[in-house]
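Here's the letter readout for the chains.
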Amino acid sequence: MAHIKLENLKKYYGKVKAVDDVNLDIKDNEFVVFLGPSGCGKTTTLRCIAGLEPVTDGSIYFNKKNVNRLEPADRNIAMVFQFYALYPHLNVQKNIIFPLKAEKMPMSEIKKKVKWVSELLKIDTLLGRKISELPDGDKQKVALARAIVRTPEVLLLDEPLSALDEKFREQMRIEFLRIQKALNVTTVYVTHDQREAMTLADRIVVMKDGKIIESGAPEKLYEEPENLFTGYFIGSPGMNFITCCPREDVSVKTETNEEIHFSKSFQSKARELKLDTFIFGIRPEYLYFKEKLNGEVNYLRVKLLNMERIQQISYGNFYLGDNLYKCMMRDGEDTGGNEGFVIFDDEKIRFYHPESGEIL
Ligand SMILES: Nc1ncnc2c1ncn2[C@@H]1O[C@H](COP(=O)(O)OP(=O)(O)OP(=O)(O)O)[C@@H](O)[C@H]1O
Ligand SMILES: [Mg+2]
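Quick notes on the rules
Think of each chain on its own: its residues are numbered from 1, step by step along the sequence as written. Whichever chain is written first is A, and whichever ligand is written first is 1; the rest continue in order. Local features in a predicted model are, by the rule used here, given only for residues with pLDDT of at least 70; side-chain atom pairs are given and counted only at 80 or more, and totals for whole chains, interfaces and linings are based on all residues. In this document the domain limits rely on a domain assignment from an automatic tool or a database. Every axis in this analysis is a line fitted to C-alpha atoms, fitted for helices over the stretch in contact. Angles between the N-to-C directions lie between 0 and 180 degrees. Only DSSP runs of H or I reaching four residues or more are called helices, and only runs of E reaching two or more are called strands; each is numbered from the N terminus. Put simply, angles under 35 degrees are roughly parallel, angles over 145 are roughly antiparallel, angles from 65 to 115 are roughly perpendicular, and the rest are oblique. Handedness of a crossing follows from how the near helix is turned relative to the far one, being left-handed for an anticlockwise turn of less than a right angle and right-handed for a clockwise one. C-beta atoms are placed from the backbone for every residue, and two residues are taken to be in contact when these atoms lie within 7 Å. Charged residues are taken to be Asp, Glu, Lys and Arg, nonpolar residues to be Ala, Val, Leu, Ile, Met, Phe, Trp, Tyr, Cys and Pro, and polar residues to be all remaining types, Gly included. Residue burial here comes from a neighbour count, namely the number of other C-beta atoms, placed from the backbone, that lie within 10 Å of the residue's own C-beta, with 20 or more meaning buried, 12 or fewer meaning exposed, and in between meaning partly exposed. We call a residue near a molecule or strand when the C-beta position, derived from backbone atoms, sits within 6 Å of it.

Side note on the domain arrangement of the protein chain
- Taken domain by domain, the protein chain consists of domain 1 (4-230) and domain 2 (240-352).
- The centre of domain 1, based on its C-alpha atoms, is set 40 Å off from the matching centre of domain 2.

This is the structure in structure tokens:
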């Protein structure tokens, strides 16, 4: 078990601030996922935790002990990468026991470990097979088996599924969850795939430009993103963001002058922000298309461009100015035409600052 703490962690490559003042506490046995676009510093942060990169500044603690100067081999970590670094000409068993032999573990002990790990990963029938004969998903299972056979305190995974095809990824996501819970190991998992992050994480750490934007439980980040970037990055389709301007005459207009009808309390809330513009964020599933109003207070008139189905859900697309937005179409409801209203619930709206992107 290990508690990890990153304190003002910085890693610069010349002028590139790959990790730029990161502070993070990772609890014992927690499954933390670093999520963010390419180049945001996920791998570099992970490599600093592993000890594969000397840090530019700041501290890394394992169980309150500063490990900045400890070699990777002395940190009791295991790492799995996107491309399994296995010995293709050796069989599965030989690959798995490689690190144990290096530690000079007695053969009787090694046998027990191999039995345990191969049953855990359900590769016990593959032990005699050559790596080069295995499908990619099984290769990655072997790489994981080799990583955890030493029962590390910390498991570090860098996009371990991204080279696999979709069918294997799905299966491996579920297996990862099962294995991590069975192992009781503090896990840091890097991905740019928000769906992977949503299924696996106890907590998602959203990164951008070497910084942590926000961290929290997947449902929390989905429902109440505190930053525009999180709302955009998490969820597929992502959140709708509409730039709004509160007006003197108490109305709220979009930048392109469509009126947004808010309840009275929301109109005053919008004016109290005392901003010329603010951003109104709402997830497509909380924005319903209706042809005719029926006493609703929160709505916006729209003209649908078209409809599409994403994972069995029907969405309507509409433009405001040059920006494309999505709303939900109720299944089975004949919309008749494409002009109507999108209705929303006060509770589901979030207001964001147009410059900082922070929630208001
Ligand atoms: N060894 C290096 N030398 C110079 N620059 C580097 C080095 N490693 C990473 N960088 C730079 O640091 C930044 C962060 O890179 P990093 O690999 O950590 O991003 P990432 O979030 O893992 O991205 P990806 O999703 O593409 O793997 C990038 O701008 C990258 O070009
Ligand atoms: Mg990376």
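Moving on from the model shown.
Examining the packing of helix 2 (residues 92-102) against helix 3 (residues 107-120)
- Contact geometry for helix 2 and helix 3: axes closest at 10 Å, N-to-C directions at 125°. The angle between helix 2 and helix 3 places the two elements in the oblique class. Like other packed secondary-structure pairs, helix 2 and helix 3 cross with a definite hand, here right-handed. Judged by residue contacts, Q93, I96, I97 and L100 of helix 2 engage I110, K113, V114 and V117 from helix 3.
- For the contact of helix 2 with helix 3, the class distribution of residues is six nonpolar, one polar and one charged.

Here's the deal with the environment of I131
- On the secondary structure map, I131 appears in the loop between helix 3 and helix 4 (136-148).
- Since 20 C-beta atoms lie within 10 Å of it, I131 is described here as buried.
- Among residues more than four places away in sequence, those in contact with I131 are L86, Y87, P88, L90, V92, N95, K139 and V142.

Considering the site of ligand 1
- Lining the immediate environment of ligand 1, one finds Y13, V16, A18, G36, S38, G39, C40, G41, K42, T43, T44 and H192.
- Those elements giving two or more residues to the shell around ligand 1 turn out to be strand 2 (16-26) and helix 1 (42-50).
- Considering every element that reaches the shell around ligand 1, the biggest residue donor is helix 1, with three residues.

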